[in-house]
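Summary of the model geometry
This is what each chain is made of:
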Amino acid sequence: MALPDDAKEQILKMLEDKGKMKSKFYFNDFTKIFEDGKPREVKKILTTLVNEGVLIFWSSGSTTMYGLAGAGKQSAGEGEA
Amino acid sequence: MAKHKTPLLDQLESGPWPSFVSDIKQECDSRAKNVNGIDYQVAADCPDDLLGVLELSYKDGETHWKHGGIVGVFGYGGGVIGRYCDQPEMFPSVAHFHTVRVNQPSGKYYSTEFLGSLCDLWELRGSGLTNMHGATGDIVFIGTTTPQLEEIFYELTHNLETDLGGSGSNLRTPATCLGMSRCEYACYDTQGLCHDMTNEYQDELHRPAFPYKFKFKFDGCPNGCVASIARSDFSVMGTWRDSLRIDQKAVAAYVAGEIAPNAGAHSGRDWGKFDIQAEVIDLCPSQCLSYEGGKLLIDAKECVRCMHCINTMPQACRIGEDTGAMIFCGAKSPILDGAQMGSLLMPFVVVDEGNEYREIKDVVEGIWDFWMEEGKNRERLGETMKRMGFQAIIKAAGVPFDVRQVQEPRTNPYIFWKAEDVTGGWDNDIADYRKRHKL
Amino acid sequence: MAFISSGYNPAKPMENRITDIGPKHFEQFLPEMCKKNFGKWLYHEILEPGVLMHKAESGDEIYTVRFGGARLMTITHIREICAIADKYCGGKLRFTTRNNIELMVETKDAALKLKAYLNAQKFDGGSQKFPVGGTGAGVTNIVHTQGWVHCHTPATDASGTVKATMDAVFEEFTNMRLPAPVRISMACCLNMCGAVHCSDIAILGIHRKPPMIDHKILDNICEVPLAVAACPTGAIRPTKIEIDGEKYNTVAVKNERCMFCGNCYTMCPAMPLADAQGDGIALMVGGKISNRISHPAFSRVVVPFIPNEPPRWPTMTATVKKILDVYAADAKKYERLGDWACRIGWERFFEKCDLEFTEHLIDDFRDPAYYTWRQTSQFKF
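For every chain, the first residue of the written sequence is number 1, and numbering continues from 1 onward in sequence order. Here every chain gets a letter starting at A, and every ligand a number starting at 1, in the order they are written. The model is predicted, so local features are restricted to residues of pLDDT at least 70 and side-chain atom pairs to those at 80 or more, both for listing and for counting; the totals for chains, interfaces and linings are taken over all residues. Each side-chain value is derived from all of the structure's non-hydrogen atoms; neither hydrogens nor water enter the calculation.

1. Focus: the overall build of chain B
The condition that has to hold: A helix here means a DSSP run of H or I that spans at least four residues, while a strand means a run of E at least two residues long, and both kinds are numbered starting from the N terminus. Burial classification: accessible surface area is computed with a 1.4 Å probe over protein chains only, and a residue below 20% of its type maximum counts as buried, one above 50% as exposed, and the rest as partly exposed. Any two residues whose heavy atoms approach within 4.5 Å are treated as being in contact.
In terms of regular secondary structure, chain B is built from 15 helices and 15 strands. Its C-alpha atoms give chain B principal-axis dimensions of about 90 × 75 × 45 Å. Split into buried and exposed, the 439 residues of chain B put 62% on the buried side. Sequence separation of at least 24 residues holds for 63% of the intrachain contacts in chain B that already meet a minimum separation of 6.

This is the structure we're talking about:
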């Protein structure tokens with residue numbers, strides 16, 4: 001099943017809505033937005049957003065999360081802001 | 001003159017085993033002298049500071065490293081692990097000291113030319129300290145700064161034609177035994193399959209979209225030199241379906257003591273004369289061997305291919321000719337729900353380069369589709385299997401059910417029957433029932 | 001230091017970017033003999049410790065000399081290995097899964113000369129640079145993790161414990177006199193990025209104190225929901241506390257549920273758990289990965305805790321040596337350490353190895369625990 005045309009906007013909206021609580025999200029948090037979305041379709045949009053510099057990865061070494069570039073408390077904490 | 005006094009670490013310079021302390025001191029000297037006039041892109045004395053911070057840990061029994069999750073190369077979700085020292089004033093040259101994982105060639109063979117180029121790159125842009133290799137199999141570069149990451153990646157891809165390895169919720173850098181390149185036990189081309197699968201799944205390796213890490217490992221035979229059955233979510237292990245091959249002349253030579261048993265692996269102790277009955281026949285786990293009239297006989301149908309007779313008499317016993325691989329899935333170390341060994345998903349699959357290993361890839365992709373939809377965050381495949389049942393994975397993989405997939409059938413009758421399993425389904429008519437049964 | 005550009009343009013990261021190319025193809029790195037006889041090997045022999053001969057159907061023979069290396073290795077050391085490979089074996093070499101290095105030559109004579117040369121090379125500090133061995137029924141190199149050298153959650157060091165252990169068992173690296181191969185592995189915390197759980201002997205760093213909580217800074221450097229979600233046992237919850245009249249958003253840890261994994265510290269630097277008194281080593285034994293004779297098996301914890309004793313961890317290495325020596329003297333030929341312990345019974349294993357059995361060694365972690373309790377009248381007094 002294809003994703004809706006405004007899938008990208010929906011992803012960004014979710015990041016902003018929930019951004020007050022936390023800045024990083026697991027891949028699964030994005031697939032949950034779309035009822036019929038296949039994970040691989042969602043991944044394509046996330047990859048586009050990463051390549052556009054909108055999203056960045058955060059890795060614990062064993063797991064990886066996505067977040068808005070520059071958002072969150074960790075950027076400053078790591079001195080990489 | 002050493003930058004930091006390291007009396008505790010110095011005690012690790014004695015003794016026969018190669019001392020990493022002595023080795024790091026060599027690197028300190030080399031960078032201090034800098035005979036080739038290199039314009040080091042990270043602090044020249046960072047190996048000195050690494051020894052300094054390690055000495056401090058030896059003194060107070062606690063690590064001095066902090067994790068960093070943001071650093072990486074543009075567009076990739078893995079391959080770089082951020083590291084910061086928690087005493088940056090004392091050890092400024094390792095204040096930012098990130099790890100870079102570089103994808104190793106299948107089977108870890110190198111030319112000195114290629115290794116030399118890696119060394120040159122890492123001398124210019126990093127600490128000169130490496131792991132050969134990391135636990136998953138990567139070449140690990142230990143210690144560089146953030147501005148160097150893109151430069152290293154650019155040089156790796158443009159000049160060395162080599163990519164980064166995996167970390168995080170990715171496909172991790174696949175690993176293989178040396179396979180057919182130098183081993184008579186290899187039942188399929190482990191290196192070929194590993195290289196092909198690594199390249200096929202580059203997107204999965206660099207851009208995380210899994211619930212957790214996922215590892216491929218490729219063993220050429222049941223001896224399992226890369227530990228695929230214990231360490232990989234998807235283990236491909238060589239096997240064969242026909243009879244192992246026996247050379248009776250060589251059997252006689254082993255019995256007569258003309259060939260050293262075990263390929264010489266036990267030669268450091270006098271274990272007495274080789275006793276084929278006690279050492280081979282009696283130890284066969286399925287009791288499918290016998291030694292009669294000077295001949296080694298096998299009931300091949302009963303053989304479980306444990307490799308013992310082959311390992312013990314490699315000149316007399318060889319793997320069969322109808323070779324292929326088994327697939328085990330779901331192995332992991334104990335975190336979190338306890339350790340899991342790989343469970344047998346496919347008893348046999350032909351490893352066919354001709355169709356680009358399509359059959360194996362279909363199985364992998366079926367499992368991934370399922371796991372990406374059903375797996376919980378930070379749940380390894382093995383844990384999803386435990387939670388949802390082996391049946392679910394077998395179905396997702398699109399392979400048939402087989403008694404070989406279990407050690408024994410279930411010991412409880414609590415079968416989750418589904419409506420389609422039962423004649424007439426579940427939509428019973430209570431009125432119809434009442435015709436036969438009064439309240 | 002002047003910044004030297006590789007050609008990368010930070011303003012346009014996608015310009016001329018090469019991605020997703022994977023590793024170089026292995027074939028170009030194979031020694032000629034391996035390329036020529038690929039898939040056509042007949043058998044092998046271990047001529048002496050660290051020296052193997054592989055015979056091909058063509059009649060070709062290739063001689064391999066295997067030597068150990070510290071996994072933490074500098075480019076100076078790698079270059080020296082490369083120089084040896086250039087001189088003796090046509091510029092090709094290989095690393096094994098267990099951090100050994102292999103050089104391949106075409107005659108037995110060349111192999112033995114190479115072995116003698118390698119064994120004679122020493123670091124200034126006195127240790128051997130390239131000890132030859134690690135074959136057959138002996139101890140081969142230890143696979144391990146980063147430890148205090150470069151990890152943020154280790155409970156011990158890896159390179160140091162490995163160096164100390166290999167010094168203690170060095171004779172078994174250069175000999176082949178054990179009943180079967182013994183694989184020793186080391187991981188510096190229970191997350192086991194070194195996956196030591198199927199080793200004959202596993203050296204495992206463990207923490208024993210729950211994380212400290214730096215309440216005053218937690219909310220500034222961590223995101224509370226992420227710290228909460230990081231805990232695999234659900235022991236962390238958000239809370240508010242008051243210190244000196246100031247209110248802080250922070251977390252609380254249910255200490256009795258903590259499994260000491262350090263995942264919260266990875267997500268939140270305000271929750272460190274390293275502690276010199278709390279941290280140390282557990283020993284596990286009896287695992288294997290090979291399918292030879294018996295099934296692959298997990299290692300079992302036989303020593304729940306040994307304090308860290310840097311720089312040489314004498315109690316830990318003595319315990320490892322003791323287990324190894326008792327096994328070597330008592331096991332039957334071909335019996336792996338775990339097979340031996342299961343045959344004589346774990347009650348006898350603890351007795352023979354002079355190890356104390358304590359309550360910490362009875363499994364109480366989730367489902368698998370039940371299957372380890374004894375449910376038969378068959379045991380030994």
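2. Digging into the nonpolar core
Just so we agree on the cut-off: Only buried Ala, Val, Leu, Ile, Met, Phe, Trp, Tyr and Cys residues count toward a nonpolar core, and they belong to the same one when joined by side-chain atoms within 4.5 Å.
If you look at the biggest cluster of nonpolar residues, it comprises 67 residues, and the most contacted ones within it are Phe-20, Leu-50 and Val-94 of chain B together with Ile-184, Trp-340 and Phe-349 of chain C. Not counting residues up to four positions away in its chain, the partners in contact with Ile-184 of chain C are Arg-98, Val-139, Asn-141, Ile-142, Val-143, Val-169, Ile-201, Ile-203 and Val-320 of chain C.

3. Digging into the interface of chain C and chain B
Our working definition: Buried area is understood as the total, over both parts, of accessible area removed when two parts are fitted together, assessed with a 1.4 Å probe. A pair is scored as a salt bridge if a Lys or Arg side-chain nitrogen falls within 4 Å of a carboxyl oxygen belonging to Asp or Glu. In the analysis that follows, any N or O atom pair within 3.5 Å is treated as a polar contact, provided that within protein one partner can donate a hydrogen and the other can accept it, and provided that, for residues neighboring in sequence, both atoms belong to side chains. Paired strands are those between which DSSP finds at least two bridges.
Residue-level contacts link 137 residues of chain C with 140 residues of chain B. Buried surface at the junction of chain C and chain B, both sides included, amounts to about 12,300 Å², of which 59% is carbon and sulfur. If you sort the residues of chain C by the area they bury against chain B, Trp-148, His-150 and Lys-333 of chain C come out on top, with a joint share of 6%. Between the two partners, chain C and chain B, sit eight salt bridges. Residues Glu-102 of chain C and Arg-182 of chain B are paired through a salt bridge, measuring 2.8 Å at the closest nitrogen-oxygen approach. Inspection of the chain C/chain B interface yields 70 residue pairs in polar contact (both at pLDDT 80 or more). With nine residues, the top contributor of residues to the side of chain C that touches chain B is helix α2 (residues 75–88) of chain C. The pairing of strand β5 (residues 129–132) of chain B with strand β4 (residues 72–74) of chain C spans three bridges and is classified as antiparallel.

4. Quick notes on the interface of chain C and chain A
In many analyses, interface size is given as the accessible surface area lost on bringing the parts together. Rules: Residue polarity is assigned by list, with Asp, Glu, Lys and Arg as charged and Ala, Val, Leu, Ile, Met, Phe, Trp, Tyr, Cys and Pro as nonpolar; anything else, Gly included, falls into the polar class.
The partner chain A presents twelve residues to the eleven residues of chain C that form the contact. For the pair chain C and chain A, the two sides together bury roughly 1,000 Å², of which 59% comes from carbon and sulfur. Three residues, Glu-223, Leu-226 and Met-267 of chain C, lead the burial of chain C against chain A; their summed loss comes to 49% of the area buried on that side. Lys-24 of chain A is paired through a salt bridge with Glu-223 of chain C; the nearest N and O atoms lie 3.9 Å apart. Across the chain C-chain A interface, the total number found is one residue pair in polar contact (both at pLDDT 80 or more). Sorting elements by how many residues they give to the side of chain C that touches chain A places helix α6 (residues 215–221) of chain C first, with three residues. Grouping the constituent residues of the side of chain C that touches chain A by class yields seven nonpolar, two polar and two charged.

5. Brief notes about the sheet that holds strand β11 (residues 280–285) of chain C
All names here are of chain C. Note the cut-off: With axes taken as lines fitted to C-alpha atoms, and helix axes fitted only over the stretch in contact, angles between N-to-C directions fall between 0 and 180 degrees.
Read from one edge to the other, the open sheet built from four strands follows the order β7-β8-β11-β12, with strand pairing classed as mixed. Lying at the two open borders of the sheet, with one neighbouring strand each, are β7 (184–187) and β12 (300–307). Averaged over neighbouring strand pairs, the angle between their axes works out to 20 degrees when direction is ignored. Two strands pair when backbone bridges link them, and strand β8 (residues 201–206) and β11 are joined in this way by six bridges, in the antiparallel orientation. Looking at the pairing, Ala-202 lines up with Met-284 of β11.

6. With respect to the pairing of strand β12 (residues 295–298) of chain B
Within a regular beta strand, the side chains point alternately toward one face of the sheet and then the other, so they alternate between its two faces. Two elements, strand β11 (residues 289–292) of chain B and β12 of chain B, share four bridges in a ladder whose sense is antiparallel. Bridge pairing in β12 of chain B links Tyr-291 of chain B to Leu-296 of chain B.

7. With respect to the pairing of strand β6 (residues 139–142) of chain B
All names here are of chain B. Alternating positions in β6 separate into two faces, Ile-139 and Phe-141 on one and Val-140 and Ile-142 on the other, with burial throughout. As paired strands, β5 and β6 are joined by four bridges and run antiparallel to one another. From the neighbouring strand, Thr-130 faces β6, where its bridge partner is Phe-141. Hairpin connection of β5 to β6: six residues between the antiparallel strands, including Gly-137 at a positive phi of 130 degrees.

8. Structural notes on the sheet that holds strand β8 (residues 216–219) of chain B
Residues and elements named next belong to chain B. The five strands lie next to each other as β7-β8-β9-β14-β15, forming an open sheet whose pairing is mixed. Across the chains shown, the open sheet's two edge strands, defined by having one partner strand only, are β7 (175–176) and β15 (343–349). Sheet topology places β8 next to strand β9 (residues 234–240); four bridges connect them, and they run parallel. Pairing of Phe-216 across the sheet is with Phe-234, part of β9. On the sheet, helix α14 (residues 390–397) packs against β14 (323–329) and β15 and is oriented at approximately 30 degrees with respect to β15.

9. Examining the pattern of salt bridges
As enumerated under the stated definition, the model contains 54 salt bridges over all chains in all. Linking Asp-20 of chain C and Arg-207 of chain B is a salt bridge whose minimum nitrogen-to-oxygen distance equals 2.7 Å. In this pair, Asp-20 of chain C is assigned in the segment before α1 (32–36) and Arg-207 of chain B in the loop between α7 (202–206) and β8, connecting two distinct chains. One salt bridge connects Arg-66 of chain C with Glu-102 of chain C, and the closest N-O pair in it is separated by 2.8 Å. Of this pair, Arg-66 of chain C sits in strand β3 (residues 61–68) while Glu-102 of chain C sits in strand β6 (residues 100–105), and the two are 36 residues apart along the sequence. Residue classification places Glu-102 of chain C among the buried residues on the basis of a relative accessible area of 0%. Within this structure, Lys-43 of chain A, Asp-203 and Arg-207 of chain B together with Asp-20 of chain C form a network of salt bridges that share partners.

10. Here we look at the confidence of the model for chain A
Threshold: pLDDT is a residue-level measure of predictor confidence that goes from 0 to 100.
In the predicted model, chain A carries a mean pLDDT of 87, and the fraction of residues at 70 or more is 89%. Looking across chain A, the model is least confident in helix α4 (residues 74–77) of chain A, with a mean pLDDT of 60, and most confident in helix α3 (residues 39–51) of chain A, with 94.

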